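Given next are the chains, with one letter for each unit.
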Amino acid sequence: MLSPYRVLDLTNERGLLCGQILGDLGADVIQIEPPGGSSARALGPFLDDRPDPNRSLCWWAYTRNKRSITLDLRRDQGRDVLMRLAARAHFLIESSPPGEMARLGLGYAELAKLNPALIYISISPFGQDGPKASYADSDLIMMAAGGPLMLSGDDDRPPVRLSVPQAYLHASAEGAMAAMIAHHERAHSGLGQHIDVSAQQAVAQATQSNILAVQLNGPELQRASGGVRLGPLHVQLLWPCKDGHVAITYLFGSAIGPFTRRLMEYIHEEGGCDAATRDKDWLRYSELLSTSAEPISEYERLKKVVEAFTMRKTKAELLDAALKRGLLIAPVTTLDEVVNSPQLAARGYWTSIEHPELRRSFRYAGPFAKFSRMPIKYRRRPPLIGEHNREIYTQLGISEGQLAEFARAGVI
């Protein structure tokens, strides 16, 4: 779909996914790394636990369908080469601290003079301006600044971060989406534009509607392990079972109440509760709690009834019952269960990519969407450091002699 277009990807771990999405859509993505390789290559885990910039699984995860060149933008020759590349490119993605590219003479204003059609995507912690633009960042800082961290963890201790960094994945995905919107506009105007992506703003969307609560004078959700807390009410959403956990939407009202009724009928049939418990008014139960017609202590007892029941069942048994009875139950799968999922296997999700230099093939997570006319293809494995220097630089008109001189001078 994007095969006629070229992307210059200058990002590190802050923005690699953005370029990979465009590459998956067919664009020619050139990853521009400093000599010695991107900082993302130093992030583990590493293949066979052998630290090496070409064996970083983090790097592998976000750089398929890219070519790699090395270029030192701190040097005049390096900046000159980038400007020559930018003059022919359609997109440029960067994740440098705000203002750094402009200080190098490589900001949007400078490159747009060379190439008015260039779409220039900047991914940064807090955006290109504002009082926090120059603040230090980490995934923990970004999730805290954007709001999702407030909802993560138990309510009797400080918030906890997710084990896998998330903030810049949100920012990168939104950068790719914004690039496509700008590309659509460029088809009409012929002009590019600067896209300013703030990771803080990107992850704020991950709070769903809860970010609106305070502004609309609604109750602010409080974190509660496996659920949420609304005032004195702890709404449990995750439940232990014999071999792990399941998610159950144990709520009430006209939309969810019928599902809860069927769950309680199932529990009653198995001897887990009495008829009075089964026959509560599940459609009006929220109202009963809010008016104290039903005490919170009784709701807490109901949760213990459900938990005692799920503890006697496996995830598979509960899922089977959910499918047969129309219940809102889903197993919490482990990574091993995801990798061996019959559903993903049936859809041909996993994709094998050969790494000739390692004489091995590896199974990668598959395309993010299935397109009927132009399916996503994994054309390239993640590149080695500067693997395509000669290929790309000679196409740019740089001679073998100049390449050798650039190498000796540390420009590439």
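Everything discussed here concerns the structure shown above.
**Q** So what's going on with the environment of Leu-118? Residues and values would help.
**A** With respect to the helices and strands, Leu-118 occurs in the loop between α5 (108-114) and β5 (119-124). Between the C-alpha atoms of Leu-118 and Thr-310, which are 192 residues apart in sequence, the distance is 56 Å.

**Q** How would you summarise the environment of Ile-353 if you had to cite specific residues and measurements?
**A** If you trace the backbone, Ile-353 turns up in strand β13 (residues 351-355). Residues Ile-353 and Ala-206, spaced 147 residues apart in sequence, show a C-alpha to C-alpha distance of 32 Å. When near neighbours in sequence (up to four residues on either side) are disregarded, Ile-353 contacts Arg-360, Ser-361, Phe-362, Tyr-364, Tyr-378 and Arg-381.

**Q** Give me the lowdown on the packing of helix α9 (residues 257-269) against helix α12 (residues 296-310), citing residues and values where you can.
**A** The geometry of α9 relative to α12 is characterised by a closest axis approach of 11 Å and an angle of 60 degrees between their N-to-C directions. By the angle between their axes, α9 is oblique relative to α12. In this structure, α9 crosses over α12, and the sense of that crossing is left-handed. Residues Met-264, Tyr-266 and Ile-267 of α9 form the contact with α12, whose own contacting residues are Val-305, Val-306 and Phe-309. Its residues assigned to classes, the contact of α9 with α12 shows 6 nonpolar, no polar and no charged.

**Q** Please provide a residue-by-residue account of the nonpolar core, values included.
**A** Val-7, Leu-22, Ile-93, Ile-121, Ile-123 and Ala-171 are the most contacted members of the largest nonpolar core, which has 39 residues in total. At 6 residues, helix α7 (residues 167-189) tops the list of elements feeding residues into this core. If near-sequence neighbours (up to four positions away) are discounted, Ala-171 is found in contact with Ile-123, Val-197, Ala-199 and Ala-202.

**Q** I'd like to hear about the packing of aromatic side chains, residue by residue, with values.
**A** Throughout the structure, instances matching the rule amount to 12 aromatic pairs. Their ring planes at 80 degrees and their centres at 6.1 Å tell us that Phe-126 and Tyr-135 sit as a pair that is edge-to-face. When its relative accessible area of 7% is taken as the criterion, Phe-126 is described as buried. Summarising the aromatic geometry, the rings of Tyr-349 and Trp-350 are spaced 4.9 Å apart at their centres and angled 70 degrees between planes, so their arrangement reads as edge-to-face. Since its relative accessible area comes to 23%, Trp-350 is described here as partly exposed. The structure contains a cluster of three or more aromatic residues connected by ring pairs, namely Trp-239, Tyr-250, Phe-252, Trp-282, Tyr-285 and Tyr-299. A cation over a ring is seen here: Arg-363 above Trp-350, with NZ or CZ 5.2 Å from the ring centre.

Scoring rules and cut-offs
- Residues numbered from 1 in each chain as written.
- Predicted model: local features only at pLDDT ≥ 70, side-chain atom pairs only at ≥ 80, totals over all residues.
- Heavy atoms only, no water.
- Helix = DSSP H or I, 4+ residues; strand = E, 2+ residues; numbered from the N terminus.
- Contact = heavy atoms within 4.5 Å.
- Axes fitted to C-alpha atoms, helices over the stretch in contact; angles between N-to-C directions.
- Parallel < 35°, antiparallel > 145°, perpendicular 65-115°, else oblique.
- Left-handed = near helix turned anticlockwise from the far one by under 90°.
- Nonpolar A, V, L, I, M, F, W, Y, C, P; charged D, E, K, R; others polar.
- Core = buried A, V, L, I, M, F, W, Y, C linked by side-chain atoms within 4.5 Å.
- Buried < 20%, exposed > 50% of the residue type's maximum accessible area, 1.4 Å probe, protein only.
- Phe/Tyr/Trp six-rings, centres within 6.5 Å; stacked < 30°, edge-to-face > 60°.
- Lys NZ or Arg CZ within 6 Å of the ring centre and 35° of its normal.

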